[in-house]
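# Structure assessment
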Amino acid sequence: MDTSRPIACVTIGLAPEVLGRLEAECEVRVVGADAPARVLHGALADAQGLLCSALLPVDERLMARAPRLRVVSNFGVGFNNVDLPEATRRGIAVCNTPGVLSDAVADLTLALILAASRRVVENAAHVSSRGWSGGRPAPALGFDIGGKTLGLVGLGRIGRAVAHRARAFGMQVSYHDTFSEPPEELRYCQYRPLDDLLGESDIVSLHVNLTAETHHLLGTRELGLMKPTAWVVNTSRGPVIDQAALVRALRQGTIAGAALDVLESEPPAADEPILSLPNVVLLPHVGSATVETRAAMLDLAVKNLLAVLSGQEPPACVNREALPRALERR
Ligand code: 8YV
């Protein structure tokens, strides 16, 4: 029987108490997500666990360097950084942090909607650049969101949390998802086929996982269906929108604006065209970035990791079919 402690490789920053919690159960190797491949591969060579964020691509190449790997515990609900079929094929459990961040991401979605509709960023810049006292004209008027239609693409946990908030602001809520019958508590949400939802909404907000099906879900054709007064909001993953098509649509006035917490490439290159457009509100991928939410995510990510390493079912696994092998391998 192998009585040695499991080895866990960690690529995210950990508070000392969380590190202590991990070290009580395993040998911990902390490596930066941007460390040279040779350092990362070295740390993973005999590791059974990996605690990482979306910043680390967990692809076939990386998994091949980690033959003893049993669990990838992603610090985040999205797991598009992991090659899921390959992990499943290798009997590696892939875990994430659903639920604990839904409210934080929904709050930020409303913050973006309000920032866009009430021109919060421009108005704040007007004051801080001394425009208010300098006699320069204040930014143009915003628009009310009450009575307007919010089209949610994706009515999962985060989409639902956004729907509740939007309703409290007096918005009409439509959604597009794989189901056309909304859950009981969301009877006020109206199902619409995607093209109709795009054409009817004043604000379109994206709440889908990034997959092969949702990659560039909004491109030139889809943006062209939207109202010229409409805004698109994205707190999911950048590549759900074809960013080059979005830049064209914003320049040509096909749509009015975009409020984005995520971009196709993060961080964006300094010359990325979207950075210099006037009709955008951009945030640096901070949907889950509150003290409470990040602590809850980390707690769940650590629980997921330690559960698999000790042969227990983890609280949140996205490829349950890999679990039997992940749990039995030592
Ligand atoms: C990031 C996120 O994971 O949960 C997700 O899918 O995108 C975020 O919460 C987080 O910013 C850590 O990188």
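Residues numbered from 1 in each chain as written. Predicted model: local features only at pLDDT ≥ 70, side-chain atom pairs only at ≥ 80, totals over all residues. Heavy atoms only, no water.

### Observations concerning the site of the ligand
The ligand sits among Ser53, Phe75, Gly76, Val77, Gly78, Leu101, Arg237, His285, Ser288, Arg294 and Met297. Within the backbone of valine 77, one N or O atom sits 2.7 Å away from an oxygen atom of the ligand. Between arginine 237 and the ligand, the recorded distance is 2.7 Å, taken from a side-chain N or O atom to an oxygen atom. In isolation the ligand exposes 330 Å². Once the protein is present, 86% of that is buried. (Near = heavy atom within 4 Å. Polar contact = N/O pair within 3.5 Å; in protein donor to acceptor, adjacent residues only side chain to side chain. Areas by Shrake-Rupley, 256 points an atom, 1.4 Å probe, with all protein chains shown as cover.)

### Section: the environment of histidine 215
Examined against the element boundaries, histidine 215 turns out to sit in the loop between β9 (203-206) and α9 (220-225). C-alpha of histidine 215 to C-alpha of arginine 237: the two residues are 22 residues apart in sequence and 9.1 Å apart in space. If sequence neighbours within four positions are ignored, histidine 215 has contacts with Leu210, Pro239 and Glu264. (Helix = DSSP H or I, 4+ residues; strand = E, 2+ residues; numbered from the N terminus. Contact = heavy atoms within 4.5 Å.)

### So, helix α7 (residues 157-168)
Each α-helix winds once per 3.6 residues, and so residues spaced three or four apart point in a common direction. With 12 residues, α7 should cover 16 Å at 1.5 Å per step; its first-to-last C-alpha distance of 17 Å lies within 8% of that length. Taken together, the buried positions of α7 are occupied by Ile158, Gly159, Ala161, Val162, Ala163 and Ala166. Elements that come into contact with the buried residues of α7 comprise α5 (102-117), β6 (149-153), β7 (172-176) and β8 (189-191). (Expected span 1.5 Å × (residues − 1). Buried < 20%, exposed > 50% of the residue type's maximum accessible area, 1.4 Å probe, protein only.)

### What to know about the pattern of salt bridges
Summed over the entire model, instances satisfying the criterion amount to 16 salt bridges. With a closest N to O distance of 3.3 Å, arginine 187 and glutamate 184 form a salt bridge. Salt-bridge contacts for arginine 192 lead to glutamate 200; the nearest nitrogen and oxygen are separated by 2.7 Å. When its relative accessible area of 33% is taken as the criterion, glutamate 200 is described as partly exposed. In the salt-bridge network here, residues are joined through shared partners; they are Arg21, Asp299 and Lys303. (Salt bridge = Lys/Arg side-chain N within 4 Å of Asp/Glu carboxyl O.)

### Here's the deal with empty space enclosed by the protein
In total, this model carries one cavity of 30 Å³ or more according to the counting rule given. Counted as a void, the largest cavity has a volume near 30 Å³. Its residues placed into classes, the lining of the largest cavity shows five nonpolar, three polar and one charged. (1 Å grid on protein atoms, 1.4 Å probe; cavity = no way out; pocket = protein on both sides within 12 Å on 5 of 7 lines; lining within 4 Å. Points joined across faces, edges and corners; volume = space filled by probe spheres on them. Nonpolar A, V, L, I, M, F, W, Y, C, P; charged D, E, K, R; others polar.)

### Regarding the packing of aromatic side chains
For the coordinates displayed, the defined rule picks out two aromatic pairs. Arranged with centres 5.6 Å apart and planes meeting at 70°, the rings of tyrosine 175 and tyrosine 191 form a pair that is edge-to-face. Separated by 16 residues along the polypeptide, tyrosine 175 in strand β7 and tyrosine 191 in strand β8 bring together distant segments of the chain. We classify tyrosine 175 as buried; its relative accessible area is 0%. (Phe/Tyr/Trp six-rings, centres within 6.5 Å; stacked < 30°, edge-to-face > 60°.)

### Observations regarding the domain arrangement of the chain
The figure often quoted for interface size is the accessible area lost as the parts come together. As far as domains go, the chain holds domain 1 (7-99 + 292-328) and domain 2 (102-282). Taking the mean C-alpha position of each, domain 1 and domain 2 sit 32 Å from one another. Facing seven residues of domain 1, the contacting portion of domain 2 comprises six residues. Summed over both sides, the interface of domain 1 with domain 2 buries roughly 570 Å², with 51% coming from carbon and sulfur. In terms of surface lost to domain 2, no three residues of domain 1 exceed Asn80, Gly99 and Thr293, which account for 57% of the buried area on that side. Here domain 1 is connected to domain 2 by zero salt bridges. Between domain 1 and domain 2 we count two residue pairs in polar contact (both at pLDDT 80 or more) in total. Of the residues in the side of domain 1 that touches domain 2, the class split is three nonpolar, four polar and no charged. (Domains from an automatic or database assignment. Buried area = accessible area lost by both parts, 1.4 Å probe.)

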